[in-house]
Amino acid sequence: MANQVTGFTRIYKAAGYSWKGLKAAWQNEAAFRQEASVAIPLILLSFWFDVSPVERILLVGTVVLVCVTELLNSAVECAIDRIGSEFHVLSGRAKDIGSAAVLLTIILAFFVWVSIFWPRWF
């Protein structure tokens, strides 16, 4: 059955679902809480530092990308856990790949932050 809601009502409902997802991630996912707890101060710091607008976009963007990737990883893990609790090679592989995606975005964020601030401080 197709969703018949359109226009601003659809946008309003979609925003509600998104907020519900963020709330669920905060309440149920320790990794998301940890990453968000680091992301918020880093985002605030990016506005305090004297950097160009493009550098600020990179600083904020990479930190937000870590959180987005963690949300997607958590969604994959939830879906797999819903399927069943017994071990399956493909389930483990999917979870490991999601975790690897988070790791790569953390490495990217670290690389961007170091690349921007290293020349200023050393």
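Residues numbered from 1 in each chain as written. Predicted model: local features only at pLDDT ≥ 70, side-chain atom pairs only at ≥ 80, totals over all residues. Heavy atoms only, no water.

- The protein has the name Diacylglycerol kinase in an unreviewed UniProt entry, where Rahnella perminowiae is given as its organism.
- Of the protein, the UniProt comment under Sequence similarities (unreviewed entry) reads exactly: "Belongs to the bacterial diacylglycerol kinase family." (UniProt positions renumbered as here; feature names shortened; annotations may be inferred.)

Thoughts on the overall build of the protein
And step 1. Broken down by element type, the protein carries 4 helices and 0 strands.
And step 2. The globule rule puts the C-alpha radius of gyration for 122 residues at 14 Å, and the 18 Å found for the protein is more than 25% above it.
And step 3. Expressed as lengths along the three principal axes of its C-alpha atoms, the size of the protein is roughly 55 × 45 × 20 Å.
And step 4. Here the protein, with 122 residues, has 25% of them falling under the buried criterion.
And step 5. In the form shown here, the protein has an accessible surface area of approximately 9,100 Å², with 71% of it arising from carbon and sulfur atoms.
And step 6. Across the protein, the centroid of the 10 positively charged side chains sits 10 Å from that of the 9 negatively charged ones. (Helix = DSSP H or I, 4+ residues; strand = E, 2+ residues; numbered from the N terminus. Rg over C-alpha atoms; globule rule 2.2 N^0.38 Å. Buried < 20%, exposed > 50% of the residue type's maximum accessible area, 1.4 Å probe, protein only. Areas by Shrake-Rupley, 256 points an atom, 1.4 Å probe, with all protein chains shown as cover. Lys, Arg positive; Asp, Glu negative; His and termini not counted. Charge placed at Lys NZ, Arg CZ, Asp CG, Glu CD.)

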